Amino acid sequence: MREKGLSEAGGAGRTSMAVKLLFWELEKHLKSSSGASVVAIDNKIEQAMDLVKSHLMYAVREEVEVLKEQIKELMERNTQLEQENNLLKNLASPEQMAQFQAQVQTGGSPTSTAQPPISAPPGTTQLLPSSQNSGTSA
């Protein structure tokens, strides 16, 4: 029985040693694979960030093109309005210009009055409605 007890004690020691060895091997494997999995995760994160970056750059390029087109259209419209403004200034009488300047200085908008827009052909002078002319004749 004593032999049996010694062999059991030796068996338990060997089993304990085998379990320790197994745990050590498992730990070693997990550490090496976790290092590899960390690298794999880092690579996937980097790929995802590159994908996001390329999508953002594409969207920004598209938006820049749209904005460039809007700027071009607005510049053309601005040029057209400046030409129209110069034409209207040249066609307006000194009284009309004085009235406009007075409205601008008082903060009133020239379009808020019931005055019809000036649409005289070039080279002609348009008279203001009689209600507005009566103020200058007195």
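The rules behind each value
- Residues numbered from 1 in each chain as written.
- Predicted model: local features only at pLDDT ≥ 70, side-chain atom pairs only at ≥ 80, totals over all residues.
- Heavy atoms only, no water.
- Helix = DSSP H or I, 4+ residues; strand = E, 2+ residues; numbered from the N terminus.
- Buried < 20%, exposed > 50% of the residue type's maximum accessible area, 1.4 Å probe, protein only.
- Areas by Shrake-Rupley, 256 points an atom, 1.4 Å probe, with all protein chains shown as cover.
- Patch = residues over 30% accessible without salt bridge, like charges linked within 9 Å, V, L, I, M, F, W, Y side chains within 5 Å.
- Salt bridge = Lys/Arg side-chain N within 4 Å of Asp/Glu carboxyl O.
- pLDDT = per-residue confidence, 0-100.
- Contact = heavy atoms within 4.5 Å.
- Expected span 1.5 Å × (residues − 1).
- Polar contact = N/O pair within 3.5 Å; in protein donor to acceptor, adjacent residues only side chain to side chain.
- Lys, Arg positive; Asp, Glu negative; His and termini not counted.
- Charge placed at Lys NZ, Arg CZ, Asp CG, Glu CD.

### Examining the overall build of the chain
- Each helix and strand in the chain was counted, giving three helices and zero strands.
- When its helices and strands are written in sequence order, the chain yields α-α-α.
- In the chain, buried positions account for 5% of the 138 residues.
- Total accessible area on the chain stands at roughly 12,000 Å², and carbon and sulfur atoms take up 62% of it.

### Some remarks on a nonpolar patch on the surface
- On the surface, Ile41, Ile45 and Met49 cluster together into a nonpolar patch covering about 310 Å² of accessible area.
- Relative to the helices and strands, Ile41 resides in helix α1 (residues 2-91).

### Comments concerning the confidence of the model for the chain
- With 64% of its residues at a pLDDT of 70 or more, the chain shows a mean pLDDT of 75.
- For the chain, the element scoring lowest by mean pLDDT is helix α3 (residues 130-137), at 42; helix α2 (residues 94-106) scores highest, at 91.
- Predicted confidence for residues 1-8 stays below pLDDT 50, and this span has zero contacts to residues more than four positions away or in other chains.
- In this model residues 124-138 is a low-confidence stretch, pLDDT under 50, and it forms 14 contacts with partners more than four residues away in sequence or in other chains.

### What about α2?
- Helix length check: α2 (13 residues) gives 18 Å between terminal C-alpha atoms against 18 Å at 1.5 Å per residue, within 8%.
- Remark: Gly107 follows α2 within two positions and exhibits a positive phi of approximately 90 degrees.

### A word on the side chain of Gln96
- Inspection of the secondary structure puts Gln96 in helix α2.
- Residue class for Gln96 comes out buried when judged on its relative accessible area of 8%.
- Looking at Gln96, its side chain comes within polar contact range of the main-chain nitrogen of Ser93, at 2.8 Å.

### A few points about a negative patch on the surface
- A cluster of acidic side chains, namely Glu65, Glu69, Glu73 and Glu76, defines a negative patch on the protein surface.
- With respect to the helices and strands, the residue Glu76 is situated in helix α1.
- Among the residues examined, Glu76 registers a relative accessible area of 48% and is labelled partly exposed.

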